[in-house]
Each structure stands twice: as C-alpha cells, then as structure tokens.
Amino acid sequence: MFLVILASCGSKKEDPVLKEAYELQQKTIKAMGELEEIVEALPEAKHDSLHDVIHEMEENLFAIPGYELNLPGHEGHDHSHGGEPNMTNDQILAVQKEMLQEVQNLKKALEDNE
C-alpha cells in the first residue's frame, strides 16, 4: 500500500488544456522571431514603431502554470507579472489562441506589403 501512495504522489497529471496553451505559446514565440526578421528587412523608418508593437506583445506573454516561459534574448527577465494568471485553464488557452492570431495577422500584413 505504501508503494501505491508513493506512486500516486510522484506523478503529476498534465492538463491537456494547459499543454495546448503552452504549445500555442511556443508557436507565438516562434512567429514573433520571424516577425522580428521581417521588420529588420523593412526600411529603417518603420523599425521603431513595429519594434514597439512586438515588444508590447512580448510583455503580454505570461508563464502558463506548470511550464516555464522562455523568450530568446530575454534570459533573466521575469514575465511572471506577480505569479500565476488569475484565469481558468480555458481562459488561458483562449488568450494564447488570440495572441497567436494577432502575431500571425501582423506577420501576414507585413509580408503582403513587401
């Protein structure tokens, strides 16, 4: 019986909703990197305002409960903003979907105007 209790205490069940949210967040972070590359290829006059938009998007990212938030170039920068978000898992997933859509829309708009 002791072994059964240890086994159940040692395994933490992964929430599929949070896992999906984390996977979407990883896609968002990758798309932001691609967006940065597109911005660097644009005329200099457009850089500052677009970098500000991207920076604001990055600041809106938050660590999903059970996962670490790792942004390339932001090592040591805390994106926890006071701990875990005060949202349900479904709300966290909805936010991640919306953020990915925003980044993809901006990326598409820039690619269409090249």
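Residues numbered from 1 in each chain as written. Predicted model: local features only at pLDDT ≥ 70, side-chain atom pairs only at ≥ 80, totals over all residues. Heavy atoms only, no water.

Visitor: Describe the packing of aromatic side chains, and please don't skip the residues or the numbers.
Guide: Applying the stated criterion across every chain, the model contains one aromatic pair. Ring centres of Tyr 22 and Tyr 67 lie 4.3 Å apart, and the angle between their planes is 15°; on these two criteria the pair is classed as stacked. Taken together, the residues span a long stretch of sequence, with Tyr 22 in helix α2 (residues 16-41) and Tyr 67 in the loop between α3 (47-59) and α4 (89-112) at a distance of 45 residues. (Phe/Tyr/Trp six-rings, centres within 6.5 Å; stacked < 30°, edge-to-face > 60°. Helix = DSSP H or I, 4+ residues; strand = E, 2+ residues; numbered from the N terminus.)

Visitor: Describe the side chain of Gln 25, listing the residues and the values that go with them.
Guide: Note that Gln 25 resides in helix α2. Gln 25 has contacts with Leu 61, Phe 62, Ile 64, Leu 69 and Gln 96, leaving out every residue within four places of it along the chain. (Contact = heavy atoms within 4.5 Å.)

Visitor: How would you explain the packing of α2 against α3 if you had to name every residue and give the values?
Guide: For any two helices packed against each other, one specifies the crossing angle of their axes together with the interaxial distance. Viewed as axis vectors pointing N to C, α2 and α3 meet at an angle of 170°, and their least axial separation amounts to 10 Å. Classed by the angle they form, the pair α2 and α3 counts as roughly antiparallel. For the pair α2 and α3, the contacting residues are Met 32, Leu 35, Glu 36, Val 39 and Glu 40 in the first and His 47, Leu 50, His 51, Ile 54, Met 57 and Glu 58 in the second. (Axes fitted to C-alpha atoms, helices over the stretch in contact; angles between N-to-C directions. Parallel < 35°, antiparallel > 145°, perpendicular 65-115°, else oblique.)

Keep in mind these values describe shape, not function.
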